[in-house]
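# Fold and geometry: a report
Here are the chains, one letter per residue:
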Amino acid sequence: MTQEELFKALISHAKEYGFIFPSSEIYDGLSAVYDYGQLGVELKNNIKKYWWDAMVRLNENIVGIDSAIFMHPRIWEASGHVGAFNDPLIDNKDSKKRYRADVLLEDYLAKLEEKENKEVEKGRRKFGEAFDEEQFRATNPNVLRQRNKIEAVRAKMVAALEANDLKALRDLIIECEIACPISGSKNWTDVRQFNLMFSTQLGSVSDESGTIYLRPETAQGIFVNFLNVQKTGRMKIPFGIAQIGKAFRNEIVARQFIFRMREFEQMEMQFFVRPGEEMKWYEQWKQTRLAWHKALGLGEDKYRYHDHEKLAHYANAACDIEFDFPFGFKELEGIHSRTDFDLGNHQKFSGRKIQYFDPETNESYVPYVIETSIGLDRTFLAVYSAAYCEEQLADGEQRVVLRLPAALSPVKAAVMPLVKKDGLPELAREIMRDLKFDFNCQYDEKDSIGKRYRRQDAIGTPFCITVDHQSLEDRCVTVRHRDSMNQERVPIDALRAMIADEVSFRKLFEKLG
Ligand code: ATP
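Read on for an overview of the structure. Because the structure is predicted, anything quoted here is derived from the model rather than measured. (Residues numbered from 1 in each chain as written. Predicted model: local features only at pLDDT ≥ 70, side-chain atom pairs only at ≥ 80, totals over all residues. Heavy atoms only, no water.)

Next up on the list: the overall build of the protein chain. A tally of regular secondary structure across the protein chain gives 18 helices and 23 strands. Based on the C-alpha atoms only, the size of the protein chain along its principal axes is roughly 80 × 65 × 55 Å. By residue count, 50% of the 513 residues in the protein chain fall in the buried class. For the protein chain, the proportion of contacts with a sequence separation of at least 24, taken over those separated by at least 6, is 66%. Surface exposure of the protein chain reaches about 25,200 Å², of which carbon and sulfur atoms provide 49%. (Helix = DSSP H or I, 4+ residues; strand = E, 2+ residues; numbered from the N terminus. Buried < 20%, exposed > 50% of the residue type's maximum accessible area, 1.4 Å probe, protein only. Contact = heavy atoms within 4.5 Å. Areas by Shrake-Rupley, 256 points an atom, 1.4 Å probe, with all protein chains shown as cover.)

Right, dumping it as structure tokens:
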């Protein structure tokens, strides 16, 4: 199966089993907006819990808030979003399709890199055991030619983006002979800036003064509550404020399923530190966040850091944690050293003093900030796509299994009477009644046991519990494990402890150290 086919299969599986539906589907959908179904919302809530508890509960110096989506419009002037939250867009005159100019160039660079890697693979095949990749990359003329080209185009792109030079961006697209993937033509408009914020009107006011924005990030709700939280929580620097919530961006190119949405959820944490100490904390948060991802066990090689080439207007260091999605490595989380830009600007724009008196140094200052910002939906996609597995079984059958980390599985156990008679459903119901106080469980008595197992595999349920005639006598049941498909007899009284041990978040948290 190609990556593209796999991605399509993932998307239709998500719909078929109630994880994710296209929004407003009976009206033919709304582009780049999705709804989470009955199982999707469970998985999403579990991811939230993993993040929230790892941040807020495990760190004495981090607290959480839940700020409103609507905020005073001046906030978005202070944050720079009104002036600079733009994407450079370009239209193809033949297909009438709109693209982000920087994304067209990034895709072009990715193709060049693919060619470069193909040359390396050719070399590997030719030289076999004796192959020295580093030396090959440093000396092979074809590889060097590609590398020089990549670096030259990248340098020009970064320079154009940094200087906000829209003409230079367009010239580069023309120079690289980039064609529209739909029409195949190179007939491009000029590059224009496009603000990504959605706006609406507050109350009955219809002029400019009533314009407010749907927040494009949750971070500003944290900054404007800095003083409230610091004072009421008696927080001492260094400390953090965390928040999970919706954010909205009028993305130009919305594609790749829930990777890029117009309405999405972020999990952000702003960590306030002493000026001058930000690099130490930046490095620490890079490590801490990567460890959080890796503890999920989706594969160590699925993650990599990517340092930003072009720093945002507020940052003095920034990197992404990228994940190997079905369409390649892409940003999953951003870690940014935001200096005192946000608090400093809110101080300026609001006229309020936003400072911290440091009892250790006897000084007042505007704290510096390290931000960790992760997309909840992208994390969902990462977990879900890494877990999805089409397996050929020994008996020639096939199964789709979601090998989700058990703590995140939407359903923890399915309880099934072997047959719908002889008192088996009654005992199964009794087990259900007990387990549901602790775990999200499903009761299923329809179809053959084999079919019921497949249904639970497809939604990632770690345990299937089957009640048979023997159970009525010995009060033991057959427990079948999702990944190994092993079966064992377990006393009914021992079920709760067995499931709890496997699905607990504790196991994940212990890996975080
Ligand atoms: P990108 O470069 O992919 O547009 P970004 O650098 O603009 O992302 P940030 O502003 O750093 O993203 O936002 C923090 C996180 O929020 C991202 O790492 C991502 O996980 C998530 N995110 C951002 N935009 C979207 C979106 N349109 N849909 C889903 N998640 C998003």
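Next comes the rest of the description.
Our focus in this paragraph is the pattern of salt bridges. Overall, the coordinates contain 53 salt bridges when judged by the stated rule. One salt bridge connects K246 with E263, and the closest N-O pair in it is separated by 2.7 Å. You can see K246 sitting in strand β9 (residues 239-248) and its partner E263 sitting in strand β10 (residues 263-273), a full 17 residues away along the chain. Its relative accessible area of 30% is what places K246 among the partly exposed residues. (Salt bridge = Lys/Arg side-chain N within 4 Å of Asp/Glu carboxyl O.)

Bringing the packing of aromatic side chains into the picture now. Applying the stated criterion across every chain, the model contains 26 aromatic pairs. Look at F7 and F257: their rings are 6.4 Å apart centre to centre, the planes differ by 75°, and that puts the pair in the edge-to-face class. You can see F7 sitting in helix α1 (residues 3-16) and its partner F257 sitting in the loop between β9 and β10, a full 250 residues away along the chain. Side by side, F7 and F257 carry an identical accessibility label, which is buried. Cluster of aromatic residues (ring-pair linked, three or more members): F7, Y34, F257, F259, Y303, F323, F325 and F327. Taking the ring centre of F505 as reference, the NZ or CZ of K49 above it sits at 5.4 Å. The ring of Y453 carries the charged tip of R480 above its face, separated from the ring centre by 4.4 Å. (Phe/Tyr/Trp six-rings, centres within 6.5 Å; stacked < 30°, edge-to-face > 60°. Lys NZ or Arg CZ within 6 Å of the ring centre and 35° of its normal.)

Another aspect to go through is the site of the ligand. Around the ligand there are 16 residues in total, and E251, R260, M261, E331 and L332 lie nearest to it. Between the ligand and G375, the relevant distance is 2.9 Å, taken from an oxygen atom to a main-chain nitrogen or oxygen of the residue. A total of 600 Å² of accessible area belongs to the ligand in isolation, and the protein chains cover 86% of it. Per-element tally for the shell around the ligand: the top contributor is strand β13 (residues 328-339), with five residues. Looking at the shell around the ligand residue by residue, the class counts come to four nonpolar, five polar and seven charged. (Near = heavy atom within 4 Å. Polar contact = N/O pair within 3.5 Å; in protein donor to acceptor, adjacent residues only side chain to side chain. Nonpolar A, V, L, I, M, F, W, Y, C, P; charged D, E, K, R; others polar.)

Ordered by their spatial adjacency, five strands build an open sheet running β20-β19-β21-β22-β23, and the pairing between neighbours is mixed. The sheet is open, and its two borders are formed by β20 (441-443) and β23 (487-491), each paired with just one other strand. Going from strand to strand, the sheet's axes swing by 25° on average, the running direction of each strand aside. Bridge count between strand β19 (residues 413-417) and strand β21 (residues 463-467): five bridges; the pairing is parallel. Considered in β21, the bridge of A413 is made with F463. Along the sheet, helix α17 (residues 495-503) makes contact with β19, β21, β22 (476-481) and β23, crossing β21 at roughly 165°. (Pairing = 2+ DSSP bridges. Axes fitted to C-alpha atoms, helices over the stretch in contact; angles between N-to-C directions.)

Quick look at the packing of helix α7 (residues 141-162) against helix α8 (residues 166-175) now. In the contact formed by α7 and α8, the axes pass within 9 Å of each other and the chain directions differ by 160°. Taken together, the axes of α7 and α8 are roughly antiparallel relative to one another. α8 is crossed by α7, and the crossing has left-handed handedness. Facing α7, whose interface residues are V153, K156, M157, A160 and L161, α8 presents A168, L169, L172 and E175. A breakdown of the residues in the contact of α7 with α8 according to their chemical character gives seven nonpolar, no polar and two charged. (Parallel < 35°, antiparallel > 145°, perpendicular 65-115°, else oblique. Left-handed = near helix turned anticlockwise from the far one by under 90°.)

Once that is clear, we can look at helix α11 (residues 278-294). With 17 residues, α11 extends 24 Å between its outermost C-alpha atoms, agreeing within 8% with the 24 Å of an ideal straight helix rising 1.5 Å per residue. All buried positions along α11 are accounted for by E278, W281, Y282, W285, K286, R289, L290, W292 and H293. Taken down its axis, α11 places every buried residue within 165° of arc, on the same side. (Expected span 1.5 Å × (residues − 1). Arc of directions from axis to C-beta.)

Further remarks concern the sheet that holds strand β16 (residues 368-375). An order of β3-β9-β10-β16-β13-β12-β11 is seen for the seven strands of this open sheet, with the pairing classed as mixed. Sheet topology places β3 (62-65) and β11 (303-307) at the edges, where each strand pairs with a single neighbour. Between one strand axis and the next, the sheet turns through 25° on average, direction left out of account. Bridge count between β11 and strand β12 (residues 317-325): five bridges; the pairing is antiparallel. Each bridged residue has a counterpart across the sheet, and for Y303 the counterpart in β12 is F323.

Bringing the pairing of β16 into the picture now. Of all eight residues making up β16, eight are buried, and the element is well covered by its neighbours. The alternating pattern of β16 places Y368, I370, T372 and I374 on one face and V369, E371, S373 and G375 on the opposite face, and all of these are buried. One ladder, built from eight bridges, connects β10 with β16; its direction is antiparallel. Each bridged residue has a counterpart across the sheet, and for Q266 the counterpart in β16 is G375. Summarising the sheet, β13 and β16 pair through six bridges and their orientation is antiparallel. In the sheet register, S337 faces β16, and the bridge partner there is I370.

This part takes up the packing of α1 against helix α13 (residues 376-387). Across the interface, α1 lies against α13 with an axial gap of 11 Å and an inter-helix angle of 105°. Judged by the angle between their axes, α1 and α13 are roughly perpendicular. On the side of α1, the interface is formed by F7, L10, H13 and A14, while α13 contributes L381, Y384 and S385.

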